[in-house]
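Here is how the chains run, residue by residue.
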Amino acid sequence: MGKADPYVVLSMKKSGAKSKTRVVNDSLNPVWNQTFDFVVEDGLHDMLVLEVWDHDTFGKDYIGRCILTLTRVIMEEEYKDWYPLDESKAGKLQLHLKWMAQSIYRDS
């Protein structure tokens, strides 16, 4: 009792692309240490949404979320920082974000 089985759902707001972390059982201080890649076509107008959930036998409970613009990672190319979870008393996520620009080739 008193512990969660948290996981994070990551999504890009504009494209709707999603990924999720594994569940960390019985933890109030989970460490995922996972890497996710997203293709972002409009980095200046897209947002990364991270929602934290508690996995339960009979469903899931919402813990909180944070929404990030991509401006800082585009400008700095790489950084680590802590982000508080909205709608949560004390939750926060440490993220290591990296921007890798790639050329897009389109047929004319």
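Here the structure is shown first, and the text comes after it.
Keep in mind that what you see is a predicted model, and the values were worked out from it rather than measured.

Parameters and conventions
- Residues numbered from 1 in each chain as written.
- Predicted model: local features only at pLDDT ≥ 70, side-chain atom pairs only at ≥ 80, totals over all residues.
- Heavy atoms only, no water.
- Helix = DSSP H or I, 4+ residues; strand = E, 2+ residues; numbered from the N terminus.
- Buried < 20%, exposed > 50% of the residue type's maximum accessible area, 1.4 Å probe, protein only.
- Contact = heavy atoms within 4.5 Å.
- Areas by Shrake-Rupley, 256 points an atom, 1.4 Å probe, with all protein chains shown as cover.
- Salt bridge = Lys/Arg side-chain N within 4 Å of Asp/Glu carboxyl O.
- Pairing = 2+ DSSP bridges.
- Core = buried A, V, L, I, M, F, W, Y, C linked by side-chain atoms within 4.5 Å.

Draft legend 1. Up close: the overall build of the protein chain. Of regular secondary structure, the protein chain possesses 1 helix and 6 strands. Written out in order from the N terminus, the α and β elements of the protein chain read β-β-β-β-α-β-β. Reported as C-alpha extents along the three principal axes, the dimensions of the protein chain are approximately 60 × 25 × 25 Å. The buried share of the protein chain, taken over its 108 residues, is 31%. Counting contacts in the protein chain only where the partners sit at least 6 residues apart, residues at least 24 apart contribute 40% of the total. For the protein chain, the accessible surface area stands at approximately 8,200 Å², while carbon and sulfur atoms represent 49% of it.

Draft legend 2. Spatial organisation of the pattern of salt bridges. Tallied over the entire structure, the rule returns 3 salt bridges. Between aspartate 81 and arginine 72 there is a salt bridge, with the nearest N and O atoms lying 2.7 Å from each other.

Draft legend 3. Inspection of the pairing of strand 3 (residues 47–56) at higher detail. Here strand 1 (residues 6–12) pairs with strand 3 via 7 bridges, running antiparallel. Each bridged residue has a counterpart across the sheet, and for valine 9 the counterpart in strand 3 is glutamate 51. Where strand 3 and strand 4 (residues 59–69) come together, 10 bridges link them in antiparallel fashion. Its bridge partner being in strand 4, tryptophan 53 is matched across the sheet by tyrosine 62. The hairpin formed by strand 3 and strand 4 contains 2 residues between the paired strands.

Draft legend 4. Examining the nonpolar core more closely. Within the largest apolar cluster, 19 residues are counted, with the highest numbers of intra-cluster contacts made by Val8, Leu48, Leu50, Leu68, Leu93, Leu95 and Leu97. Going through the elements one at a time, strand 1, strand 3, strand 4, strand 5 (78–84) and strand 6 (92–98) are the ones with two or more residues in this core. Apart from residues no more than four positions distant in its own chain, leucine 68 is found in contact with Asp46, Met47, Leu48, Leu50, Tyr83, Leu95 and Leu97.

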